[in-house]
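Summary of structural features
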Amino acid sequence: QVQLVESGGGLVQPGGSLRLSCVASGRIFSSTYMAWFRQDLGNEREFVAGIRWGAGTTHYADSVKDRFTISKNGAANAVYLQMTSLKPEDTAVYYCDQGRGGYSRMFSTYEYWGQGTQVTVSS
């Protein structure tokens, strides 16, 4: 069974930065698509950023495109989300998700996800 473990969340002031990490317990294959979703209290999970493992193709939500960067480290079996210029509206639980390789903004299309890491942006 695949396990995904997120880390790196915390409390940060507006304009600050955080780097989230997601480590997979199993091997990530080239066709796999890894994504970050987030969910604030009372809202549905929304797509934040994603990367095709083999090709490295990335996708971003418009709301974070100029501020967040998704990346991978094959040797570490990990995917990262570098977040800069954080805003209060970025506050949410961030989840790492693994799918079969296709780009999708729908949470229901993913097979695995972690327990999430809390990001709170507040002064």
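In what follows, the accompanying structure is described. (Residues numbered from 1 in each chain as written. Predicted model: local features only at pLDDT ≥ 70, side-chain atom pairs only at ≥ 80, totals over all residues. Heavy atoms only, no water.)

**Points about the overall build of the chain**
This is how it is decided: Put simply, DSSP H or I for four residues or longer makes a helix, DSSP E for two residues or longer makes a strand, and each gets a number counted from the N terminus. Think of it in three bands: residues with accessible area under 20% of the maximum for their type are buried, residues over 50% are exposed, and the middle band is partly exposed, with areas taken using a 1.4 Å probe on protein chains only. Contacts are assigned to residue pairs that have any heavy atoms within 4.5 Å of one another. Here the open area of atoms and residues is found with the Shrake-Rupley method and a 1.4 Å probe, where only the protein chains shown may cover a residue. His is not counted, nor are the chain ends, whereas Lys and Arg count as positive and Asp and Glu as negative. One atom stands in for each charge, and that atom is NZ of Lys, CZ of Arg, CG of Asp or CD of Glu.
Across its full length, the chain carries 0 helices and 11 strands. When its helices and strands are written in sequence order, the chain yields β-β-β-β-β-β-β-β-β-β-β. Seen through its principal axes, the chain has C-alpha atoms that stretch 40 × 30 × 25 Å. Across the 123 residues that make up the chain, the buried fraction comes to 43%. Restricting the contact set of the chain to residue pairs at least 6 apart, pairs at least 24 apart contribute 56%. If you sum the accessible surface of the chain, you get close to 6400 Å²; carbon and sulfur atoms cover 46% of it. Positive and negative side-chain charges of the chain, numbering 11 and 10 respectively, have mean locations separated by a distance of 9 Å.

**Thoughts on the sheet that holds strand β3 (residues 18-24)**
We count it as follows: Criterion used throughout: strands pair if DSSP finds at least two bridges between them. Note on definitions: angles span 0 to 180 degrees between N-to-C directions of axes, and those axes are lines fitted to C-alpha atoms, for helices only across the stretch in contact.
One open sheet holds the 4 strands; their spatial order is β1-β3-β8-β7, and the pairing between them is antiparallel. Here the strands that pair on one side only, and so sit at the sheet edges, are β1 (4-7) and β7 (68-73). Strand-to-strand twist across the sheet, computed as the mean angle between neighbouring axes with direction ignored, equals 15°. Pairing of β1 with β3 involves 4 bridges; the strand directions are antiparallel. Opposite E6, over in β3, you have C22 as the bridge partner.

**What to know about the nonpolar core**
Here is the rule we go by: Throughout this description, the term nonpolar core refers to a set of buried Ala, Val, Leu, Ile, Met, Phe, Trp, Tyr and Cys residues connected via side-chain atoms within 4.5 Å.
If you look at the biggest cluster of nonpolar residues, it comprises 27 residues, and the most contacted ones within it are M34, W36, V79, L81, M83 and Y94. Going through the elements one at a time, β3, β4 (33-39), β5 (46-52), β7, β8 (78-83), β9 (92-99) and β11 (117-121) are the ones with two or more residues in this core. Counting residues per element, this core draws most heavily on β3, at 4 residues. In this structure, Y33, A35, F47 and Y110 belong to the second largest nonpolar core, which totals 5 residues.

So, to be careful, I would describe these as geometric facts and stop short of saying anything about function.
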